Amino acid sequence: MVKIYFIRHCEAEGNKAKIFQGSTDCDISEKGKKQLVYLKKRFENISIDKAIASPLKRAYKTALAAVDGKGLEVIADPDFTEIHGGVVEGMTFKKIFADHAELERIWQEEPQNFAPDQGEPMRKVYERAKMAIHKVAEDPENEGKTVLIASHGAFIKCLMCYLVFGDVERLIEMPWANNTAVAYIEYEKGKFEVKYYNDDSHIPSDFSTDVEKLWESEE
């Protein structure tokens, strides 16, 4: 069996500013730093054998915090990085939805078809997530071990859609993970089992982030 903890990064400056961060390497926010204190505490008594993260600061620092004190190196793996937003990369959601009405509709109603010009299509992220999780789960070196992985919102949404539904067309049904929310997955005999998902119970309400509100239009 391979045990896998999947974590969404802590709040980053891009979350705070309500921008489409994508592959933009935003650093973590002050709230994010506080979230990582609670995340570290959550994993204090959990044995981890390997740590992997997207190379982007917000995910890499999240993994570092989760395994702090365990004597582990965090392996930066670009397979776990976030979707690239192309023409909307770095823009506020307010401006995106004002200037690209059709992209807003797709993002809200059929996210599997989100494919901004010069960016990475969401369907490609789904396939990348599928490949990445199998790479970890089927690595003989990971058999009998516990792996921690820190990644991003769109990537994790696609990953969990694959694990739960096995169909990218059902992506709208998979909720977004909150900042530092944890999913726990077990892989045995060729099968994945999601034990839980989007668990941020370690974060006090004062320091939580409601990610569903990040792209709400502001009047």
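Going along each chain's sequence as written, the residues are numbered from 1 onward. For a predicted model such as this one, the threshold for reporting local features is a pLDDT of at least 70, and the threshold for listing and counting side-chain atom pairs is 80 or more; totals across whole chains, interfaces and linings nevertheless cover every residue. Side-chain numbers here rest on the full set of heavy atoms in the structure, without hydrogens or water.

Bringing the packing of helix α6 (residues 122-137) against helix α7 (residues 153-164) into the picture now. Across the interface, α6 lies against α7 with an axial gap of 8 Å and an inter-helix angle of 70 degrees. It follows from the interaxial angle that α6 and α7 lie roughly perpendicular. In terms of crossing hand, the pair formed by α6 and α7 is right-handed. Of the residues in α7, those in contact with M122, V125, Y126, R128, A129, K130, A132, I133 and H134 of α6 are A154, F155, C158, L159, C161 and Y162. Here the axes come from fitting lines to C-alpha atoms, over the contacting stretch only for helices, and the angles between their N-to-C directions go from 0 to 180 degrees. Secondary structure elements follow DSSP: runs of H or I no shorter than four residues count as helices, runs of E no shorter than two count as strands, and numbering proceeds from the N terminus. To sort the angles, those under 35 degrees are grouped as roughly parallel, those over 145 as roughly antiparallel, those from 65 to 115 as roughly perpendicular, and the leftovers as oblique. Left-handed is the label given to a crossing in which the near helix is rotated counterclockwise from the far helix by less than a right angle, and right-handed is the label when the rotation is clockwise. By definition in these notes, contact holds between two residues if any of their heavy atoms fall within 4.5 Å.

A few words now on the pattern of salt bridges. Salt bridges are identified by distance alone: a Lys or Arg side-chain nitrogen within 4 Å of an Asp or Glu carboxyl oxygen. Applying the stated rule across the entire model yields 17 salt bridges. Note that E110 is salt-bridged to R105, the shortest N-O span being 3.0 Å. Only protein chains enter the accessibility calculation, which uses a 1.4 Å probe. A residue is then buried if its area is under 20% of the maximum for its type, exposed if over 50%, and partly exposed in between. Accessibility expressed as a relative area gives 29% for R105, which makes it partly exposed. Within this structure, E102, R105, E109 and E110 form a network of salt bridges that share partners.

A few words on the packing of aromatic side chains. Each aromatic ring pair is characterised by the separation of its centres together with the angle its planes make. In this analysis, rings of Phe, Tyr and Trp, with Trp reduced to its six-membered ring, are considered paired at centre separations within 6.5 Å, and the interplanar angle assigns stacked below 30 degrees, edge-to-face beyond 60, and tilted for intermediate values. Throughout the structure, instances matching the rule amount to 16 aromatic pairs. Judged by centre distance (6.2 Å) and plane angle (15 degrees), the ring pair of F6 and F155 falls under stacked. Here F6 is found in strand β1 (residues 2-8), whereas its partner F155 is found in helix α7, with 149 residues between them in sequence. Of the two residues examined, F6 and F155, each falls in the buried class. Relative to W107, the ring of F93 has its centre 6.0 Å away and its plane inclined at 45 degrees; by these criteria the two rings are tilted. Of this pair, F93 sits in helix α4 (residues 93-99) while W107 is found in helix α5 (residues 101-109), placing the two residues 14 residues apart along the sequence. Looking at F93, the relative accessible area reads 6%, which means it is buried. A relative accessible area of 7% means that W107 is categorised as buried.

All we've got here are geometric facts, nothing functional implied.
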